[in-house]
Each structure stands twice: as C-alpha cells, then as structure tokens.
Amino acid sequence: LQAKRGASHKPEQDVDVKDFMVNIIHADHLRTAIDRGLVDRAPSTFIIFDEVDEMYATTLRTSAARRLCQLCPKFVAQTATPMRKNEAQLLSWLADTCSFPVERNSLLVAACGMVSVQLELAISAHEEELLVPMSDEVRAVCRQLMSSRSSSCWLEMSRAVQAHTDSAMVQHAVDLARKDRARHKDGGVLLVADTTSHASRLTAMCSAHVCTGDFASLESSEARKYGVVVVTKDRDRGYNSAV
C-alpha cells in the first residue's frame, strides 16, 4: 500500500491488502483506496486509525474512514488530542465505540470511555528551567521594538530572545544526549524547533558537537547513530517529552 504522503498511486490499481500482515496506508489515500477494493476487505479486517483527530472534518478522507469503521468487525481509533473546539466532530466516532446512543447531552459520558483504560509505561517526566541572562544587545533590541509600538513588536522580540537562547538550549541538549548515549547506545535527545528555518539553525549548531538528524532520520536505517534529532513543533506528536 502507498504509505508515503503525496506518493503516486495509479487510479486503476487496486489496493493489495495482504492476509495476516500489517498493511499501512496514509490517511490521505483513504478517499481513493476505498473504491479500489478496501471496502471488500473491510469486513474481515481489524483497522487501526492512528491520529484519528485528523479525520474529524467533513472531508472525503473522513467519510472514507467512517465508512470503513462501520464495515469492519473491530477497529481502534487513537489520538493524543481527541478533543476539538467543535465537539460535534467527535460525536460520530464516539457513537461507533459506545454501546448506547451518543448525543450532545451524553457526550461527556461517552468521552469518559476514552480514558477508562490507563496504561502505565513507567515513563516519568522531568521539567527543568535553564536560566539564560539577557545580554545588553538583546535588551536594547527589545527596548527599541517596544518604543516602535508596532503590532508585530512582540513577535519580533520573541524571535530576538529565541535566537539569543538557542546556543544555551543546544549545549544543554548536547550534554543530555551524551549522557543518555553513555547509558544507552541508541539514546539521544529530541529537540523541538519553532519553524523550519529555526530547525535548520538548531541542526547546524548541534552538528558541530554530535551527529544530528531531522524528522526523516527517525525512521532511517541508521537512526541509532543520531545523538540529537531536530523536528518542528508540528511534527513532535506521539512523543512523551522533548527538550
């Protein structure tokens, strides 16, 4: 199956679902794959919808996913961010996972089922604040931006402070990566950046100290060689903690 987003898939090609195997398909391809044999295989398939919150909106992808979950004997819908501002988007999925009719007045009762099973993974979170003194140069930039009374002054100030603290964050990440890899040969640190350009800057800074990779390196055959992996904040879902 086509698992890569944006990968080409010939319109006339049927979906080749393998028996007794894990078949992976990108959510973006559901709207086309459902007409290429996926519906016929659904009644004998156990389906897992990962990041199901991306299948809430009224789109062809969501319609295809909803159709499949109604046809298969069992399915799992999983996400770390189940709630949205529009609670109606969650109602339809909850209706298929509860043994009672789910309406707006019973939404909270149905939603409790999402957290009724707790898994203890023995993962503890540790928060640490690193103090970075503001330099006179950055202070002068912030004062200048404040006096300008520009609508974007706060954004510009945050970028100036971010650039000033990057070196301290990188050094801290490198130290943690070295300590972790001393204990675990495949260990390392996940560093979350603000934007793509910010990620490129952090990658360049970290590369001077340890082997550093990007999001694609997480699934690389050489993933274990990276001591630090830098991703943008929109690609850190599914991880328990990050620097």
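Refer to the structure printed above.
Treat the numbers as computed from the prediction; the structure is a model and nothing was measured.

Trainee: Describe unusual backbone geometry, and please don't skip the residues or the numbers.
Mentor: Positioned with a positive phi, Phe-20 is a non-glycine residue whose angle comes to about 55°. Looking at where Phe-20 falls in the secondary structure, it is placed in the segment before α1 (30-41). Although it is not a glycine, Glu-51 adopts a positive phi angle of roughly 50°.

Trainee: Describe the nonpolar core, with residues and values.
Mentor: Counting 26 residues, the largest nonpolar core has Leu-30, Leu-38, Phe-49, Met-55, Leu-68, Phe-75 and Trp-93 as its most contacted members. At the level of secondary structure, the elements contributing two or more residues to this core comprise α1, β1 (46-50), α2 (60-71), α3 (88-95) and α4 (107-112).

Trainee: Describe helix α5 (residues 136-148), with residues and values.
Mentor: Across its 13 residues, α5 extends 18 Å between first and last C-alpha, which sits within 8% of the 18 Å expected from 1.5 Å per residue. Turning to α5, its buried residues are Val-138, Cys-142 and Leu-145. All buried residues of α5 project into a common sector of 65° when viewed along the axis, lining one side. Residues of α5 that are exposed and point more than 90 degrees away from the buried face comprise Asp-136, Glu-137, Arg-143, Gln-144 and Ser-147. Looking at the buried side of α5, the elements it contacts are α6 (153-183).

Trainee: Outline the packing of aromatic side chains, supporting the account with residue identities and numerical values.
Mentor: Tallied over the entire structure, the rule returns 3 aromatic pairs. Ring geometry for Phe-49 and Phe-75: centres 6.0 Å apart, planes at 75°, overall edge-to-face. In this pair, Phe-49 sits in strand β1 while Phe-75 sits in strand β2 (residues 74-78), placing the two residues 26 residues apart along the sequence. A residue is classified by how much of its surface remains accessible, and Phe-75, at 16% relative accessible area, is buried. These aromatic residues form a ring-pair network of at least three members: Phe-49, Phe-75 and Trp-93.

Trainee: Quick rundown of the pattern of salt bridges? Include the residues and the values.
Mentor: Taken as a whole and assessed by the stated rule, the structure comprises 8 salt bridges. With a shortest N-O distance of 2.7 Å, Lys-233 and Asp-194 are connected by a salt bridge. Within this pair, whereas Lys-233 is found in the segment after β5 (228-232), its partner Asp-194 is found in the loop between β3 (189-193) and α7 (196-207), the two being separated by 39 residues in sequence. Here Lys-225 makes a salt bridge to Glu-222, at a shortest N to O gap of 3.0 Å. In this structure Lys-225 comes out as partly exposed when scored by relative accessible area, which is 39%.

Trainee: Can you tell me about α6, naming the residues and giving the values?
Mentor: Its 31 residues give α6 an end-to-end C-alpha distance of 44 Å, which sits within 8% of 45 Å, the value for a rise of 1.5 Å per residue. Remark: the principal bend of α6, roughly 40°, maps to Thr-165. For α6, the full list of buried residues reads Cys-153, Met-157, Asp-166, Val-170, Ala-173, Val-174 and Ala-177. Of the surrounding elements, those touching the buried residues of α6 are α5, β3, α7 and β5.

Trainee: Could you give me a rundown of the side chain of His-198, with the residues and numbers involved?
Mentor: When you line up the elements, His-198 lands in helix α7. Of the residues examined, His-198 reaches a relative accessible area of 4% and is grouped as buried. The contact partners of His-198, leaving out residues within four places of it in the chain, are Gln-162, Asp-166, Met-169 and Ala-193.

Trainee: Outline the packing of α5 against α6, supporting the account with residue identities and numerical values.
Mentor: When two helices pack together, their arrangement is given by the angle between the helix axes and by the axis-to-axis distance. Interaxial distance between α5 and α6 falls to 9 Å at its minimum, and their mutual angle equals 175°. Taken as axis vectors, α5 and α6 run roughly antiparallel relative to one another. Between α5, through Val-138, Val-141, Cys-142, Leu-145, Met-146 and Ser-148, and α6, the contact on the second element is made entirely by Cys-153, Trp-154, Glu-156, Met-157, Ala-160, Val-161 and His-164.

Scoring rules and cut-offs
Residues numbered from 1 in each chain as written. Predicted model: local features only at pLDDT ≥ 70, side-chain atom pairs only at ≥ 80, totals over all residues. Heavy atoms only, no water. Helix = DSSP H or I, 4+ residues; strand = E, 2+ residues; numbered from the N terminus. Core = buried A, V, L, I, M, F, W, Y, C linked by side-chain atoms within 4.5 Å. Buried < 20%, exposed > 50% of the residue type's maximum accessible area, 1.4 Å probe, protein only. Expected span 1.5 Å × (residues − 1). Arc of directions from axis to C-beta. Contact = heavy atoms within 4.5 Å. Phe/Tyr/Trp six-rings, centres within 6.5 Å; stacked < 30°, edge-to-face > 60°. Salt bridge = Lys/Arg side-chain N within 4 Å of Asp/Glu carboxyl O. Bend = angle between axes of the 7 residues up to and from the residue. Axes fitted to C-alpha atoms, helices over the stretch in contact; angles between N-to-C directions. Parallel < 35°, antiparallel > 145°, perpendicular 65-115°, else oblique.

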